[in-house]
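Read off the chains here:
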Amino acid sequence: MGVDDCTLYGIHKMKIVSRAIIKNKNTGKTINSHWSYYKCKCGNLFACSGAPQLGEPVMDYLTNHYMDGVGMSGIITIFVDPSDIESTTDDTIPGHSFM
């Protein structure tokens, strides 16, 4: 999937914001409740099950294009079609750096 360039830095500098709960937007059932939610100063969003900010693999992830999230008590709930979840064992994805 293509990623829009960061309007501030060229590459999105993703900082962890909170924990994320990933739910199936069609059924409302929880897919995973232990993801992390990241945001770049330009407003781009990212969520994943790994810990790339620690140099660990990204694992399952969602980019800005597929997120419909709302904050609740510091935890973000993201409703997504499960087929939009991608996966990688790399510690980053193109166009992103993790802080």
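Residues numbered from 1 in each chain as written. Predicted model: local features only at pLDDT ≥ 70, side-chain atom pairs only at ≥ 80, totals over all residues. Heavy atoms only, no water.

To continue, consider the overall build of the protein. Each helix and strand in the protein was counted, giving zero helices and eight strands. The linear arrangement of helices and strands in the protein, starting from the amino end, is β-β-β-β-β-β-β-β. Against the globule reference of 13 Å for 99 residues, the protein gives a C-alpha radius of gyration of 12 Å, in line with a compact fold. Considered along the principal axes of its C-alpha atoms, the protein spans approximately 35 × 25 × 25 Å. For the protein, the proportion of its 99 residues judged to be buried stands at 35%. Contacts in the protein between residues at least 24 apart in sequence constitute 53% of all its contacts with a sequence separation of at least 6. With an accessible surface of roughly 5,500 Å², the protein has 49% of that area assigned to carbon and sulfur atoms. Both charge centroids of the protein, one from 8 positive and one from 10 negative side chains, sit 12 Å from each other. (Helix = DSSP H or I, 4+ residues; strand = E, 2+ residues; numbered from the N terminus. Rg over C-alpha atoms; globule rule 2.2 N^0.38 Å. Buried < 20%, exposed > 50% of the residue type's maximum accessible area, 1.4 Å probe, protein only. Contact = heavy atoms within 4.5 Å. Areas by Shrake-Rupley, 256 points an atom, 1.4 Å probe, with all protein chains shown as cover. Lys, Arg positive; Asp, Glu negative; His and termini not counted. Charge placed at Lys NZ, Arg CZ, Asp CG, Glu CD.)

Moving on: the nonpolar core. In terms of nonpolar packing, the biggest core is built from eleven residues, these being Ala20, Ile22, Trp35, Tyr37, Leu45, Ala47, Leu62, Met67, Ile76, Ile78 and Val80. Elements that contribute at least two residues to this core include exactly strand S1 (12-24), strand S2 (30-39), strand S3 (45-48) and strand S6 (75-80). No other element matches the three residues that S6 contributes to this core. Look past the residues within four positions of Ile22 in its chain and what remains in contact with it is Lys29, Thr30, Ile31, Asn32, Trp35, Leu62, Ile78, Val80 and Ile85. Counting ten residues, the second largest nonpolar core, distinct from the first, contains Cys6, Met14, Tyr38 and Tyr61. (Core = buried A, V, L, I, M, F, W, Y, C linked by side-chain atoms within 4.5 Å.)

Averaged over the protein, the pLDDT score is 89; the fraction of residues at 70 or greater is 91%. Per-residue pLDDT, averaged within each element of the protein, yields its smallest value for strand S5 (residues 69-72) (60) and its largest for strand S7 (residues 86-88) (96). (pLDDT = per-residue confidence, 0-100.)

Time to look at unusual backbone geometry. We note that Met59 has phi near 65°; this positive angle belongs to a residue other than glycine. Its place among the elements puts Met59 in strand S4 (residues 59-63). Look at Met59 and you get partly exposed, because its relative accessible area is 37%.

All right, on to the packing of aromatic side chains then. Here the structure, examined in full by the defined rule, presents four aromatic pairs. Measuring from centroid to centroid gives 5.6 Å for Phe46 and Tyr61, while their planes differ by 20°, and the two rings are stacked. Of this pair, Phe46 sits in strand S3 while Tyr61 sits in strand S4, placing them 15 residues apart in sequence. By relative accessible area, Phe46 is classed as buried at 0%. Tyr61 sits in the buried class, given a relative accessible area of 9%. The rings of Tyr38, Phe46, Tyr61 and Phe98 are connected pair by pair, giving a single aromatic cluster. Above the face of the Tyr9 ring, Lys13 is positioned so that its terminal group lies 4.5 Å from the ring centre. (Phe/Tyr/Trp six-rings, centres within 6.5 Å; stacked < 30°, edge-to-face > 60°. Lys NZ or Arg CZ within 6 Å of the ring centre and 35° of its normal.)

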